[in-house]
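The chain contents come next:
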Amino acid sequence: MEILENNDDTRDTIVAIATPPGVGAIGIVRASGPHSWRILEDCVRKSIEAERRVVYGNFYDSDGNIVDEVLFVGFKGPRSYTGEDMVEVFCHGGILVTQKILEEFIKRGARLAKNGEFTRRAFLNGKIDLIKAEAILQIIEAKSEESLKLAVENLKGKLSGEVSAIRKMLIDALSKIEVTIDYGDDIEIPREEIAQDVENIVKFLSEKLAHADKGIHVSTGVTLAIVGKPNVGKSTLLNRLLVEDRAIVTDIPGTTRDVIRGEIKIRGIHFVISDTAGIRETNDVVEKIGIDRAIREASQSDVVLFVLDATTGFTKDDEYIMNIIQDSNFIAVWNKTDIGNKISKVSKDGDDIYISASTGEGLRALEDKIVERVKPLVEDGHLSHVTTKRQLEHLKIVQQHLKKALEAIKSGYPVDIVSIDIRNALSELDRLLGTNFTDDLLDNIFANFCVGK
Ligand SMILES: Nc1nc2c(ncn2[C@@H]2O[C@H](COP(=O)(O)OP(=O)(O)OP(=O)(O)O)[C@@H](O)[C@H]2O)c(=O)[nH]1
Ligand SMILES: [Mg+2]
């Protein structure tokens, strides 16, 4: 079987198994593109007749053998997920059955879809903008009620609507400027009015940006790094928090070499938690790389759990680590309190936590402390619908252009200069929505989707 994997042609008919690999009650194979109806009709030996109507039939392979009894449905573009002609086949959820149905489509001229290619086509065919495409991925990946809610609201057009509103306000401001450029001699230039318009938009945007981090945290999870010198019980703590034997634990210092991640929910908040290599001076090349990664992880995380050993007390190694993380939002966690009591106050707020990762003692207090620290990051009430770093970056650039425009108006620059800044802001909004895009950008976004979505 030949699969044309590097064919980017958007006129191809693409096919994929849409249900997760494995055994289940039902398996779904979906196809999109100009030949999707013909291929399916060929396989079920009857015509689809009406779009959006479920039909029962037998699915035949090219030798005339029945592969399975199936239900199928056809959609006519543009009234489909991708905006093209599409079909979906519902078969019994076996690995071989779905695979065979997929192969029959490919034998008849369809090609295997790439990750997210159905959604990519929906975007290219104008069914959704990029923000909505991101929302679809977030719905699939949602790990908390809040992130699901934000994603669904964005799919329904919440953030896209806000962005379009800003766009409209900018176009209004721009048309006032254009009039003064074209008929400046006859019309008094309403500089104050334009300044006021732009100022209003800057204010509106500032409010969005002020709460953007919260939307992103809710959607992608709050990051929590466990750091400390070797052998203090970091991996034991990770395993305890995940309630899973994820990381290797031994009494040999330097056991963990790489960053090990897991995801947990604490009091409804979604965390991405990472265990790291013990930080110490070493000549071991591999260990050194691990330690660099640990330090990077600590600097990039929202909260750092600085694990200390109650059997050794605060040592020179701890002092070294403390210097590295002093600007981080860290919680000092004294571990092994079941066998040691050499403890001292380390936290800025004097609020050290005492635990035994082995017995589970003190874990609740630690979780309470973590939640207390991250509450401001995810607090409800002001949740912004900006949910990805990409969205945030574009909006920040829009804001910069508009601030420049405002300065230019206020310093009495000619209005055509102001209009350049506003136009730049507009094209940045277009990039955010995807009206203006590059293939690289699309590759980046859709690579995170599964095949069949
Ligand atoms: N008694 C006691 N032993 C612990 C506790 N936590 C960890 N240990 C033991 O301490 C040793 C080191 O534990 P790890 O979790 O591997 O320590 P680590 O900080 O990940 O070590 P590296 O990966 O080498 O940096 C193991 O023998 C654990 O069983 C604890 O709370 N109490
Ligand atoms: Mg470890």
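This one's a predicted model, so the numbers in the text were calculated from it and none came from an experiment.

Novice: What am I meant to see in the packing of aromatic side chains here?
Specialist: Two aromatic rings are characterised by how far apart their centres lie and by the angle between their planes. This structure, assessed with the given rule, holds 4 aromatic pairs. Taking the centre distance of 5.3 Å and the plane angle of 75° together, the rings of Phe-123 and Phe-437 count as edge-to-face. On the criterion of sequence distance, the pair formed by Phe-123 in helix H3 (residues 117-124) and Phe-437 in the loop between helix H14 (415-433) and helix H15 (439-446) is long-range, its members being 314 residues apart. Here the basic side chain of Arg-30 rests over the ring of Phe-118, its NZ or CZ set 5.0 Å away from the ring centre. Directly above the ring of Phe-204 sits Lys-208, whose terminal nitrogen or CZ lies 5.6 Å from the centroid.

Novice: Honestly, the site of ligand 1 in this entry has me stumped. Any pointers?
Specialist: Near ligand 1 there are 23 residues, and of these Lys-234, Thr-236, Gly-254, Thr-255 and Thr-256 occur at the shortest range. One of the side-chain nitrogen or oxygen atoms of Thr-236 is found 2.5 Å away from an oxygen atom of ligand 1. In the environment of ligand 1, an oxygen atom lies 3.3 Å from a nitrogen or oxygen atom belonging to the backbone of Gly-278. Tallying contributions element by element places helix H9 (residues 234-242) first for the shell around ligand 1, with 3 residues.

Novice: What's the story with the UniProt feature "binding site: (6S)-5-formyl-5,6,7,8-tetrahydrofolate" (unreviewed entry) in the chain in this structure? I'm lost.
Specialist: When the UniProt feature table is mapped onto this chain numbering, "binding site: (6S)-5-formyl-5,6,7,8-tetrahydrofolate" (unreviewed entry) sits at Arg-30, Glu-88, Lys-127 and Lys-453. Inspection of the secondary structure puts Lys-127 in the loop between H3 and helix H4 (130-141). Taking the relative accessible area as the measure of exposure, Lys-127 reaches 37% and is therefore partly exposed. Excluding anything up to four places from it in sequence, Lys-127 contacts Pro-78, Arg-79, Ser-80, Tyr-81, Thr-82, Gly-83 and Ala-122. In this structure Lys-453 touches Arg-30, Tyr-81, Gly-116, Glu-117, Phe-118, Thr-119, Ile-136 and Ile-140, once residues within four positions along its chain are discounted.

About the cut-offs
- Residues numbered from 1 in each chain as written.
- Chains lettered and ligands numbered in written order.
- Predicted model: local features only at pLDDT ≥ 70, side-chain atom pairs only at ≥ 80, totals over all residues.
- Heavy atoms only, no water.
- Phe/Tyr/Trp six-rings, centres within 6.5 Å; stacked < 30°, edge-to-face > 60°.
- Helix = DSSP H or I, 4+ residues; strand = E, 2+ residues; numbered from the N terminus.
- Lys NZ or Arg CZ within 6 Å of the ring centre and 35° of its normal.
- Near = heavy atom within 4 Å.
- Polar contact = N/O pair within 3.5 Å; in protein donor to acceptor, adjacent residues only side chain to side chain.
- UniProt positions renumbered as here; feature names shortened; annotations may be inferred.
- Buried < 20%, exposed > 50% of the residue type's maximum accessible area, 1.4 Å probe, protein only.
- Contact = heavy atoms within 4.5 Å.

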